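Given next are the chains, with one letter for each unit.
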Amino acid sequence: SIDGSSALDARGCYPFFTCRHWSRISKDLEAVKHGLGSLVLVTDPFGDYDPAVLSDYFPDFFMPYKEHYVVDLKYPIDQIISSHHARNLRKGQNLIEVEHCIHPLKFVQQWNELYANLTKRHNIKGISEFSARSFYKQLKVPGLEMFRAILKKETVGLMLCYVQGDVGYYHLSAYSKAGYKHRASYALFAYVLAYFAA
């Protein structure tokens, strides 16, 4: 709500606003514009839209927000990653096992504990802090894929990705102290890239 006004400020879903039919977005915007003071969206980098056309729908302000990194899974992993990452990957893979979690909600408590470690480590506040209730809902979203890093039978890292169509989106990952120490992130990313490539 906007103080002193009946209008509302609105924003698209985090982390991206996605749409099945971008060519029809003008009709959607027309249907919701009454009663809105503003609408802010971060568009899907894989969206099937023409930025020039999209900018017409947002005449007040339209700009690139930030770069997103894309991995073309047609290429072998050794052609995708840097030599520095390859060294860390070898170290991580020596100790870390990785598995795909078929039932993500089984790991919701572990995820919340690891994410609490992440928020403390990086002093994360605001919308990115996420509540346990929010994560419970996120783990139920269709297309969510969870991956688990294991060291001596203990979960030391978890990664969340979303899949829509033929695109896999990295969402979040979180690690324990042991996960950071033993480079679990490198083992997780390598596994996830191979998983989606297959």
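Presented here is an overview of the structure given in this document.

**Focus on the pattern of salt bridges**
Consideration 1: Scanning the model with the defined rule gives three salt bridges in all.
Consideration 2: Notably, a salt bridge pairs Lys 33 with Glu 30, separated by 3.3 Å at the nearest N-O pair.
Consideration 3: According to the relative accessible area criterion, Glu 30 is partly exposed, its value standing at 44%.
Consideration 4: Of the charged contacts, one joins Lys 74 and Asp 72 as a salt bridge, the two residues approaching to 3.6 Å between their closest N and O atoms.

**A few points about the side chain of Gln 138**
Consideration 1: Relative to the helices and strands, Gln 138 is located in helix H6 (residues 132–138).
Consideration 2: A relative accessible area of 11% means that Gln 138 is categorised as buried.
Consideration 3: A polar atom in the side chain of Gln 138 sits 2.8 Å from the side chain of His 171.
Consideration 4: Once residues within four sequence positions are removed from consideration, Gln 138 is found in contact with Phe 130, Leu 144, Tyr 162 and His 171.

**Thoughts on the sheet that holds strand E3 (residues 97–101)**
Consideration 1: As summarised here, the arrangement of the four strands in space is E3-E4-E5-E6, forming an open sheet in which the pairing is antiparallel. Only two strands of the sheet have a single neighbouring strand rather than two, namely E3 and strand E6 (167–175). Taking each pair of neighbouring strands and ignoring which way they run, the sheet shows an average axis angle of 25 degrees.
Consideration 2: Across eight bridges, strand E5 (residues 154–164) lies against E6 in antiparallel orientation. Bridging from a neighbouring strand, Tyr 162 pairs with Tyr 169 of E6.

**Focus on the packing of aromatic side chains**
Consideration 1: This model, assessed by the stated rule, comprises 15 aromatic pairs.
Consideration 2: Ring geometry for Phe 17 versus Trp 22: centroids 5.8 Å apart, planes at 75 degrees, classification edge-to-face.
Consideration 3: By relative accessible area, Phe 17 is classed as partly exposed at 21%.
Consideration 4: Assessed through its relative accessible area of 7%, Trp 22 is described here as buried.
Consideration 5: When the centroid spacing of 5.4 Å and the interplanar angle of 80 degrees are considered together, the rings of Trp 111 and Phe 135 count as edge-to-face. A residue pair is termed long-range when its members are at least 10 positions apart, and Trp 111 in helix H5 (residues 108–122) and Phe 135 in helix H6 qualify at 24 residues.
Consideration 6: A relative accessible area of 1% places Phe 135 in the buried class.
Consideration 7: Over the ring of Tyr 180 we find Arg 121, and its NZ or CZ is 3.5 Å from the ring centre.

About the cut-offs
Residues numbered from 1 in each chain as written. Predicted model: local features only at pLDDT ≥ 70, side-chain atom pairs only at ≥ 80, totals over all residues. Heavy atoms only, no water. Salt bridge = Lys/Arg side-chain N within 4 Å of Asp/Glu carboxyl O. Buried < 20%, exposed > 50% of the residue type's maximum accessible area, 1.4 Å probe, protein only. Helix = DSSP H or I, 4+ residues; strand = E, 2+ residues; numbered from the N terminus. Polar contact = N/O pair within 3.5 Å; in protein donor to acceptor, adjacent residues only side chain to side chain. Contact = heavy atoms within 4.5 Å. Pairing = 2+ DSSP bridges. Axes fitted to C-alpha atoms, helices over the stretch in contact; angles between N-to-C directions. Phe/Tyr/Trp six-rings, centres within 6.5 Å; stacked < 30°, edge-to-face > 60°. Lys NZ or Arg CZ within 6 Å of the ring centre and 35° of its normal.

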